[in-house]
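Observations on the model geometry
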Amino acid sequence: MKPDERLAELLDDRRYFEDEAGEVWAGCLSPAERLAYIRKHRSHFRFADYDEVIAVVRGRRFTGCSSQLLRWRHNIRARTLQSALLFSVAVWLGIIWLAVRLIR
């Protein structure tokens, strides 16, 4: 692969991540959650003025680090899925325990 082709591929990937991060930012988080995320990850954001801060908090724009936001969302999804699976296993173990107790 030529260096120019590799650079074009990297730019396309970056645009994809930025678009996906913008959708996650606008669609999956409330303004309170966005503000909490900004406070926790302040170093990942660039703000030119107060109007831009308001636009970012309201979800109209995303000026943060796309990969960090997507990694954060992935981690939350993984923890949620893990919790749901553990709950399902616990419920099934409870059902089996009850069935064994009732059969005796």
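This section reports on the structure supplied with the text. (Residues numbered from 1 in each chain as written. Predicted model: local features only at pLDDT ≥ 70, side-chain atom pairs only at ≥ 80, totals over all residues. Heavy atoms only, no water.)

Attention shifts here to the nonpolar core. One recurring pattern in soluble globular proteins: nonpolar side chains tend to sit buried together. Membership of the largest hydrophobic core is limited to 12 residues, which are Ala-21, Val-24, Trp-25, Leu-29, Tyr-37, Ile-38, Phe-45, Val-56, Val-57, Phe-62, Leu-69 and Leu-70. At the level of secondary structure, the elements contributing two or more residues to this core comprise helix H1 (3-27), helix H2 (31-40), helix H3 (50-57) and helix H4 (66-103). The greatest single-element share of this core, amounting to three residues, is contributed by H1. If sequence neighbours within four positions are ignored, Ile-38 has contacts with Trp-25, Phe-45, Phe-47, Val-56 and Val-57. (Core = buried A, V, L, I, M, F, W, Y, C linked by side-chain atoms within 4.5 Å. Buried < 20%, exposed > 50% of the residue type's maximum accessible area, 1.4 Å probe, protein only. Helix = DSSP H or I, 4+ residues; strand = E, 2+ residues; numbered from the N terminus. Contact = heavy atoms within 4.5 Å.)

Attention shifts here to the pattern of salt bridges. All told, the structure shown has one salt bridge when counted by the stated rule. As a salt-bridge pair, Glu-52 and Arg-61 come within 3.5 Å of each other at their nearest N and O atoms. Taking relative accessible area as the criterion, Arg-61 reaches 41% and is therefore assigned partly exposed. (Salt bridge = Lys/Arg side-chain N within 4 Å of Asp/Glu carboxyl O.)

Taken together, the side chains of Phe-87, Val-91, Trp-92 and Ile-95 define a hydrophobic patch exposed on the protein surface, amounting to about 450 Å² of accessible area. Since its relative accessible area comes to 58%, Phe-87 is described here as exposed. (Patch = residues over 30% accessible without salt bridge, like charges linked within 9 Å, V, L, I, M, F, W, Y side chains within 5 Å. Areas by Shrake-Rupley, 256 points an atom, 1.4 Å probe, with all protein chains shown as cover.)

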